[in-house]
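# Observations on the model geometry
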Amino acid sequence: MAVTLCWLLLVPAAGAAARPSVVFLSPDDSVFWTMVAEVMTEAAADLEMDLEVLFDRGRDRFTYQQLAEQVLEREVRPDYLMFMAKENVTAEMLTLASDEGVKVFTFNTDIPAQARELLGMPRESLPNWIGHLVPDNVAAGRQLAVALAEQAAKLGLTQQDTAPDTIALSGTRDSSAAKDRNLGLMQAAQDHRIALRQLSFADWSREVAGDKTRVLLQRYPEVTLVWSASDGMAVGAIAAARDVERQPGKDVVIGGFDWEPEALDAIRRGELTVSLGRHFLGGALALIQLHDYHAGVDFAQGPSTAALKYRFEAATQSNVDRIERVMDPESWQRVDFRQFSRALNQDLADQAPSADQQMDALVSALAETRAAAR
């Protein structure tokens, strides 16, 4: 399967010798990952970092590994390589980068079990693997299930203390994010917050999710909740529910992840109950860590603090206006990402904010920047 390369940004070369160079391997060119790359582009420009983004249009762990190999085989390699931790190839990619003397920062998904067993965590067996940043997908999977159950109760779709009948749409079987979100869903089911009828893998595809939702809603007509591991699949579920004469937001409650623009529109219409997000900022937050690390201000004091975790935030009808400001590309352009750097701000130099606190600051700045511009 061919790997297609896309050059998103090379910050101008003036002073390039002193600037950190970063290559980010995007696992695909979906709406979500395109947003991640675009925000990273704005952050890199502000922080004076040379950023190159390569998209793996093959969307496969093997083509993803090939993409890393191509970068590491270059005569002039980057200072840093950033990539998502994928099942079955992460250990090989980390080891290859270490062999070539390239520092690595992984993010977005938890470290797969195989890689943890072989290499541990950042800075344990591979000094060049300097950090990892991940949203708490397990907690979020449970959070989404509970939020949907609470909305079903408010709508009178369930009896008091009765767990609502639920179907779930997951991503791919080899996705760490999908596995962790599924685990949180299962925890909610074990705690009797929901009655899970079936979990179906829909490959992160809106079309596949729509087809499977149509079948499942006819198979389980008593279902009132549709839990989705992504907004794209949730939007597919909304269309499918309408096809079988259900009323999304009224007799069936649907929720997802990612804060995608179409999902926020659906929240405003009342068809989507909730979307958990802000992890599209994970790449920008990781770049801030790399910028400061390169400047001698380390984000970690050792292996135990090199792995960073933050929580998701819920977008609902009560805050959708604010979330849309955060998601507006004009906000990404207006905000100055230098304000989050400990290396560039004396008042932050002695602080060690958590990833959660840093993400809170990013979200607030993006929301306020566009509001101030108005």
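Thresholds, definitions, all that
- Residues numbered from 1 in each chain as written.
- Predicted model: local features only at pLDDT ≥ 70, side-chain atom pairs only at ≥ 80, totals over all residues.
- Heavy atoms only, no water.
- Helix = DSSP H or I, 4+ residues; strand = E, 2+ residues; numbered from the N terminus.
- Rg over C-alpha atoms; globule rule 2.2 N^0.38 Å.
- Contact = heavy atoms within 4.5 Å.
- Areas by Shrake-Rupley, 256 points an atom, 1.4 Å probe, with all protein chains shown as cover.
- Lys, Arg positive; Asp, Glu negative; His and termini not counted.
- Charge placed at Lys NZ, Arg CZ, Asp CG, Glu CD.
- Polar contact = N/O pair within 3.5 Å; in protein donor to acceptor, adjacent residues only side chain to side chain.
- Pairing = 2+ DSSP bridges.
- Axes fitted to C-alpha atoms, helices over the stretch in contact; angles between N-to-C directions.

What follows concerns the overall build of the protein. When you go through the protein residue by residue, the secondary structure sums to 14 helices and 12 strands. Here the protein has a C-alpha radius of gyration of 21 Å; the compact-globule value for 374 residues is 21 Å, and the two agree. Structurally, the protein occupies a C-alpha span of about 65 × 45 × 35 Å along its principal axes. Put simply, 78% of the contacts in the protein that link residues at least 6 apart link residues at least 24 apart. Summed over all atoms, the accessible surface of the protein reaches about 15500 Å², with 46% contributed by carbon and sulfur. Mean positive and mean negative side-chain charge positions of the protein (36 and 54 charges, respectively) differ by 4 Å.

Structurally, Ser175 is set in the loop between strand 6 (165–170) and helix 6 (176–190). Polar contacts involving the side chain of Ser175 include one to the main-chain amide nitrogen of Ala178, which spans 3.1 Å. Excluding residues that lie within four positions of it along the chain, Ser175 makes contacts with Glu87 and Trp204.

Within the open sheet, the six strands sit side by side as 2-1-3-4-5-11. Their pairing is parallel. This sheet does not close on itself; its edge strands, each paired only once, are strand 2 (50–55) and strand 11 (307–310). For this sheet, the mean inter-axis angle between neighbouring strands, taken without regard to orientation, is 15 degrees. Direction of pairing for strand 5 (residues 129–135) relative to strand 11: parallel, over a ladder of four bridges. Along strand 11, the bridge assignment pairs His132 with Ala307. Strand contacts of helix 2 (residues 61–72): strand 1 (21–26), strand 2 and strand 3 (80–84), with the helix running at about 160 degrees to strand 1, the strand carrying the most contacts.

Attention now goes to unusual backbone geometry. A positive phi angle, near 55 degrees, is found at Arg59, a position not held by glycine. Within the secondary structure, Arg59 sits in the loop between strand 2 and helix 2. Located in the positive-phi region is Asp203, a residue other than glycine, with phi close to 60 degrees. With respect to the helices and strands, the residue Asp203 is situated in the loop between strand 7 (195–201) and helix 7 (206–219).

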